[in-house]
Amino acid sequence: MPIPIQPLQQAELPERKRPILKMIGPGVVIAGLAIGSGELIMWPWITSVVGAQLLWAAAIGIFLQLWVNIEIGRWTIVTGESPFTGMARAIKLIVYVFVFVIFVGKFLPGWARETGIALRDLIFGPQHDSPAWLWTALVFALVAAILFGPRVIYTAVERCIMGLIVVIVAGLIYVVWEIGSMEIFLAMWDGLINLFSFPDFPVDVVADDGSVRDQLTFNRFFGAVVFAGAGGLGNLYYAYYLREKDIGMGTRMPSLMSPAHRHEVKETDTGYVYPETPENRRRFRDWFRYVVIDQTLFFWILGSFTMFLFIFGALAVLHPIGLVPDRGSLVWDLASILEQSMGAFGRYLFLVVGMAALFSTQLGGIDGGSRIFSDLLHTNFKFGKWLNLEQWYLVLVITTMVIGVFSVWFFGRYDIAGLDFLFIAALIGGFVMAVYVPLILYMNLTYLPKSARPGWVNIAFMVLASAMYIAFAGYTIYSKVVEVVA
């Protein structure tokens, strides 16, 4: 059984002394995590199948995640505590659900595989016979060098992802400038304003010989809505990055240091709550304003911008000629078609952009996933105390990489491609969001001081988000039961 969670301690909320520009980072990292999943892979693939018809759903998906992230930020700036610890207070056995989901997710290394394939294609082209698992291992080796090189792990992650986003955005703007037209912008606008316009699911993807080689199902579509943004457990990483940046009560929590460097190990599993005083209320409003600005600018606006740029490329390049990329070669197919209008430079530019987007997601995914798994084990189980947080982090990063390389090798024998990994991960992500999104709202309404609790606008959007993810989970279960019965 999980061990009891200690109650929140009372402490004064630290005052914000730094300007917002010096606190930039957590929102950018979450945006970098989001770029390589739904933005690069899923939505361009869907666009190549049905055009801009479902663009409204991508916009709704990332907009609802904005409110989820704001509420995650609210919990963290007030308590400094992991959302998982708060959820364990509400439902103790919920930790088993998250441990199971994270463990299963380690066998779905879609981003690492696609990053490795993009790197191979960039150097040798898609016909090269070197195995995907080898390039996945190379990607993991680079991730390990970034994570364990500097003393403070978060600093390396933040700087690397910021650099990657600059490459991605600059490259995409140049591509859109070269291939863009008013017709494409108008088509995207129509796709945004024609709400609840659906194709007849499932939509067949037909091969040259007339056979059906793939399908866009409703479950895949709904999974892409879940991953329009960070998706799954990825949104919860935001809490850890706020703590690392010394935001709010996170100032009182120790940073996760690299086990490769000698340092004093400090650990605090549970957090704090401020007493209701005028000064603490003022400080909360100051910190919360930062969270809203950070998520609005960097997660929602930057994330939507990059997602629409990738969709624009698919709409301009793939959909007009009826080319739906193979499950394992979307980045290469987009790059190859760009070569027709932009020359070899266009192909290599998009390969670099695609690889940067995928790598940013992979880096953030391994770091964030290992943080939350370490936190879950160390905080909730007796055996979790055998190692400190940094030791668990090291073990879990290495385990993730070993399992990931094995999975790419094993499932590759059964023609399971990167897109399959991502849609399966999105399916699982939808279920886990159906659990934690309403729980985050419950925690913020129950455990926080009255002055820090969400208002009716935030409650309304969190209820709407909860309803969407619960409906997704319910529909998926229903459709599978109907399949079995039929």
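Above this text you will find the structure in question.
To start, this report covers the structure provided alongside it. (Residues numbered from 1 in each chain as written. Predicted model: local features only at pLDDT ≥ 70, side-chain atom pairs only at ≥ 80, totals over all residues. Heavy atoms only, no water.)

**Concerning the packing of aromatic side chains**
Moving on, step 1. Inspection of every chain in the model, using the stated rule, returns 34 aromatic pairs.
Moving on, step 2. For the pair Phe383 and Trp392, a centre-to-centre distance of 6.2 Å together with 70° between the ring planes defines the contact as edge-to-face.
Moving on, step 3. By relative accessible area, Phe383 is classed as partly exposed at 33%.
Moving on, step 4. Using a relative accessible area of 11% as the deciding quantity, one classes Trp392 as buried.
Moving on, step 5. Site record: aromatic cluster; members linked through ring pairs are Trp43, Trp56, Phe196, Phe198, Phe201, Phe218, Phe221, Phe222, Phe431, Phe472 and Tyr475.
Moving on, step 6. One Lys or Arg, Arg252, reaches over the ring of Tyr272 and ends 5.8 Å from the middle of that ring. (Phe/Tyr/Trp six-rings, centres within 6.5 Å; stacked < 30°, edge-to-face > 60°. Buried < 20%, exposed > 50% of the residue type's maximum accessible area, 1.4 Å probe, protein only. Lys NZ or Arg CZ within 6 Å of the ring centre and 35° of its normal.)

**Points about unusual backbone geometry**
Moving on, step 1. Here the residue pair Phe201 and Pro202 is connected by a cis peptide bond, since its omega of -5° sits within 30 degrees of zero.
Moving on, step 2. Turning to its location among the elements, Pro202 is positioned in the loop between α8 (182-193) and β2 (203-206).
Moving on, step 3. A positive phi angle, close to 60°, is found at Phe196, a residue other than glycine.
Moving on, step 4. By the element assignment, Phe196 lies in the loop between α8 and β2.
Moving on, step 5. At Asp246, a residue that is not glycine, the phi angle is positive and equals roughly 60°.
Moving on, step 6. Mapped onto the elements of the fold, Asp246 is located in the loop between α10 (237-244) and β4 (272-273). (Helix = DSSP H or I, 4+ residues; strand = E, 2+ residues; numbered from the N terminus.)

**Quick look at the pairing of β2**
The side chains of a regular strand alternate between both faces of the sheet.
Moving on, step 1. Judged by which residues are buried, β2 turns out to be one-sided: Val203 and Val205 face inward and are buried, whereas Asp204 and Val206, on the alternate face, are not.
Moving on, step 2. When β2 meets strand β3 (residues 212-216), the two strands line up antiparallel, connected through four bridges. Opposite Val205, over in β3, you have Asp214 as the bridge partner. (Pairing = 2+ DSSP bridges.)

**Focus: the side chain of Ser304**
Moving on, step 1. Residue position: Ser304 is located in helix α11 (residues 278-317).
Moving on, step 2. Judged by relative accessible area, Ser304 falls into the buried class, the value being 9%.
Moving on, step 3. Of the polar contacts made by the side chain of Ser304, one reaches the backbone oxygen of Trp300; its length is 2.7 Å.
Moving on, step 4. Dropping the residues within four chain positions of it, Ser304 is found in contact with Ile62 and Phe299. (Polar contact = N/O pair within 3.5 Å; in protein donor to acceptor, adjacent residues only side chain to side chain. Contact = heavy atoms within 4.5 Å.)

**A look at the pattern of salt bridges**
Moving on, step 1. Under the defined criterion, the tally for this structure stands at twelve salt bridges.
Moving on, step 2. A salt bridge links Arg282 to Glu279, with the shortest nitrogen-to-oxygen separation between them at 2.6 Å. With a gap of three residues between them, Arg282 and Glu279 both fall in helix α11, about one helical turn apart.
Moving on, step 3. Accessibility expressed as a relative area gives 33% for Glu279, which makes it partly exposed.
Moving on, step 4. When the shortest N-O distance is used, the salt bridge between Arg289 and Asp286 registers 3.0 Å. Here the residue Arg289 and the residue Asp286 both occupy positions in helix α11, the gap between them amounting to three residues, near one helical turn.
Moving on, step 5. Arg289 sits in the partly exposed class, given a relative accessible area of 45%.
Moving on, step 6. Counted as one network, the salt bridges with shared partners bring together Glu15, Glu279, Arg282 and Arg283. (Salt bridge = Lys/Arg side-chain N within 4 Å of Asp/Glu carboxyl O.)

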